[in-house]
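Observations on the three-dimensional arrangement
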Amino acid sequence: MIIDFHTHFYPEKVAPKAIEVCAGKIDAYSDGTRAGLEKSMCVAGIDLSVALTVVNAPENSASINAWAIRENRMPIISTGGIHPDEPDPLATLEAINAAGLPGIKLHPEYQRFKFDEERLFPVWERCEELGLFVVTHVGYDAMYEPPYLSDPEKLAEFHRRFPGLQLVLAHLGGMAMWDEVEKYLVGLPVYLDLAMATKEYITPGQLTRIIKNHGANRILFGSDSPWYDQTRQLKFIRSLPLTNEEQELIFYQNAAELLKI
Ligand SMILES: [Zn+2]
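Residue positions are given per chain, counting from 1 as you read along its sequence in written order. This being a predicted model, a pLDDT of at least 70 is required before a residue's local features are given, and a value of 80 or more before pairs of side-chain atoms are given or counted; all residues contribute to the totals for chains, interfaces and linings. Excluded from the side-chain calculation are hydrogens and water; included are all heavy atoms of the structure.

1. As for the overall build of the protein
Where we set the bar: For the purposes of this entry, the term helix denotes a DSSP run of H or I that reaches at least four residues, the term strand denotes a run of E that reaches at least two, and both are numbered from the N terminus. We compute the radius of gyration over the C-alpha atoms and compare it with the globule rule, which gives 2.2 Å times the number of residues raised to the power 0.38. Classification of residues uses two cut-offs on accessible area relative to the type maximum, computed with a 1.4 Å probe and protein chains only: under 20% is buried, over 50% is exposed, and between them is partly exposed. Contacts are assigned to residue pairs that have any heavy atoms within 4.5 Å of one another. Residue-level accessible areas treat just the shown protein chains as cover; the underlying method is Shrake-Rupley with a 1.4 Å probe. Asp and Glu count as negative and Lys and Arg as positive, but His and the ends of the chain are not part of the count. Lysine's charge is taken at NZ, arginine's at CZ, aspartate's at CG and glutamate's at CD.
Looking only at helices and strands, one finds 11 helices and 8 strands in the protein. Computed over its C-alpha atoms, the radius of gyration of the protein comes to 17 Å, within 12% of the 18 Å expected for a compact globule of 261 residues. For the protein, the proportion of its 261 residues judged to be buried stands at 57%. When contacts within the protein are restricted to residue pairs at least 6 apart in sequence, long-range pairs at least 24 apart make up 76% of them. Total accessible area on the protein stands at roughly 11,200 Å², and carbon and sulfur atoms take up 51% of it. The averaged location of the 36 negative side-chain charges in the protein is 3 Å from the averaged location of its 24 positive side-chain charges.

Next up, the structure:
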């Protein structure tokens, strides 16, 4: 069984626009819809995908989470999301938890916030109490200019402040900041996903070293579909010198534990 812990899809009406906005900066490998993701999974041989939902504006939190809850059915598990500027993010967390979604996704660039903002501390405390994991984008993003609001050093600090929070750091803990990932994050008890840790962005040598030093028990397979091809990423990760045991953890066991399946 293979789980892709980092994918996206969009409502039918929004998908063409989402693909178009990024054209030229990031090419898409599906049409951005649920059907497109399911087709891609079939081709790649992926059994389950986690669709990460980002709340794009405070006023859209309720409708986006309602959509994520409706779409939370096999072979896709949806996360919910909060917007840091919405009036009552704690109420949103309760709704997400009551609906059985396993965690939330955030994007510091897109949502313009930092993890050291005290106004958000109650959110992280409540996620920890409810057992909701927090997935966040970290580092470079083709759609934004540096300096970035999140990086490996800042996320290491955040982890130290909330050590009980289940933290999943996308893009190996810092997109295109691999040396900083090795300096600040490797070895900490946080999950790193493999989305966009692709052969175009990282050498097999450095990626293998990061996985081995961090521990395969905290690495999650991810593709970032539709922004990268699931089949190609699966092939790349399988080509690394990993043991069967490490592959089993990365492709299935770690994700299954986080998703409580
Ligand atoms: Zn993504």
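2. Remarks on the coordination of the zinc ion
Heads up, the rule is: For Na, K and Ca the donor cut-off is 3.2 Å, and for all other metals it is 2.8 Å, counting N, O and S atoms only; because water is absent from this set, sites may look incomplete.
Each protein donor to the zinc ion is listed here as His 6 (NE2), His 8 (NE2) and Asp 224 (OD); together their distances run 2.1 to 2.2 Å. The exposure class of Asp 224 is buried, given its relative accessible area of 6%.

3. Some thoughts on a negative patch on the surface
Worth spelling out the cut-off: Patch membership needs two things, relative accessible area over 30% and no salt bridge, and members are linked within 9 Å if like-charged or within 5 Å if nonpolar (Val, Leu, Ile, Met, Phe, Trp, Tyr). Each salt bridge in this description consists of a side-chain nitrogen of Lys or Arg and a carboxyl oxygen of Asp or Glu lying within 4 Å of one another.
The grouping of Asp 116, Glu 118, Glu 153, Glu 157, Asp 179 and Glu 180 at the surface amounts to a negative patch. When contributions to the negative patch are tallied by element, the ones reaching two or more residues are α7 (152-161) and α8 (178-185). Along the chain, Glu 180 turns up in helix α8. Judged by its relative accessible area of 32%, Glu 180 falls in the partly exposed class.

4. Some remarks on the pairing of strand β4 (residues 103-106)
Quick reminder of the rule: Here the rule is simple: two strands pair whenever DSSP picks up at least two bridges between them.
Side chains Gly 103 and Lys 105 project from β4 onto one buried face, and the interleaved Ile 104 and Leu 106 project onto a second face that is buried too. One ladder, built from 4 bridges, connects β4 with strand β5 (residues 133-136); its direction is parallel. Among the inter-strand pairings, Lys 105 is bridged to a residue of β5, identified as Val 135.

5. Points about the sheet that holds strand β3 (residues 76-78)
For clarity, the threshold we go by: Between N-to-C directions, angles cover 0 to 180 degrees, with each direction set by a line fitted to C-alpha atoms, over the stretch in contact for helices.
With parallel pairing, 3 strands are arranged side by side in an open sheet as β1-β2-β3. Pairing within the sheet leaves two strands with one partner each, and these edge strands are β1 (3-7) and β3. Each strand of the sheet is rotated relative to its neighbour by a mean of 20°, with strand direction disregarded. Bridging between β1 and strand β2 (residues 48-51) involves 3 bridges; their strand directions are parallel. Its bridge partner being in β2, Ile 3 is matched across the sheet by Leu 48. Most of the contacts of helix α2 (residues 34-44) go to β3, to which it runs at about 130°, and overall it touches β1, β2 and β3. Sitting on the sheet, helix α11 (residues 244-259) is in contact with β1, β2 and β3, with an inclination near 65° to β1.

6. Focus on the pairing of β5
Definition in use: Crossover handedness is defined here as right-handed if the route from the first strand over the helix to the second strand goes clockwise, with the strands pointing away from the viewer.
Along β5, one buried face is formed by Phe 133 and Val 135 and the opposite face, lined by Val 134 and Thr 136, is buried too. The pairing of β5 with strand β6 (residues 167-169) spans 3 bridges and is classified as parallel. Note that in β6 the partner of Val 134 across the bridge is Leu 167. Regarding topology, α7 serves as the crossover connection from β5 to the parallel β6, and that connection is right-handed.

7. Observations concerning the packing of α7 against α8
Note the threshold: An angle counts as roughly parallel when it lies under 35 degrees, as roughly antiparallel when it exceeds 145, as roughly perpendicular when it falls between 65 and 115, and as oblique in every other case. Less than a right angle of anticlockwise turn of the near helix away from the far helix marks a crossing as left-handed, whereas a clockwise turn marks it as right-handed. Polar here means any residue other than Ala, Val, Leu, Ile, Met, Phe, Trp, Tyr, Cys and Pro, which are nonpolar, and Asp, Glu, Lys and Arg, which are charged; Gly is therefore polar.
Two numbers describe how α7 lies on α8: the axes approach to 8 Å, and their chain directions differ by 25°. Classified by the angle their axes make, α7 and α8 are roughly parallel. For the pair α7 and α8, the crossing hand works out as right-handed. Touching Pro 152, Glu 153, Leu 155 and Ala 156 of α7 are Glu 180, Val 181, Tyr 184 and Leu 185, all from α8. Of the residues assigned to the contact of α7 with α8, the class counts are 6 nonpolar, no polar and 2 charged.

8. Side note on the side chain of Glu 86
How we decide: Residues adjacent in sequence count toward polar contacts only when both atoms are side-chain atoms; beyond that, a polar contact is any pair of N or O atoms within 3.5 Å, and within protein one must be able to donate a hydrogen and the other to accept it.
Checked against the element boundaries, Glu 86 lands in the loop between β3 and α4 (89-98). Here Glu 86 is buried and forms no salt bridge, its nearest opposite-charge partner Arg 119 lying at an N-O distance of 10 Å. A distance of 2.5 Å separates the side chain of Glu 86 from the side chain of Thr 92, its partner in a polar contact. Not counting chain neighbours up to four residues away, the residues in contact with Glu 86 comprise Pro 58, Ser 61 and Thr 92.

9. Things to note about unusual backbone geometry
Pro 75 follows Met 74 through a cis peptide bond whose omega is 5°. Positionally, Pro 75 belongs in the loop between α3 (61-70) and β3. Going from Pro 146 to Pro 147, the amide bond is cis rather than trans, its omega being 0°. Tracing the sequence through the fold places Pro 147 in the loop between β5 and α7. At Ala 176, a position not held by glycine, the phi torsion is positive, near 60°. Mapped onto the secondary structure, Ala 176 falls in the loop between β6 and α8.

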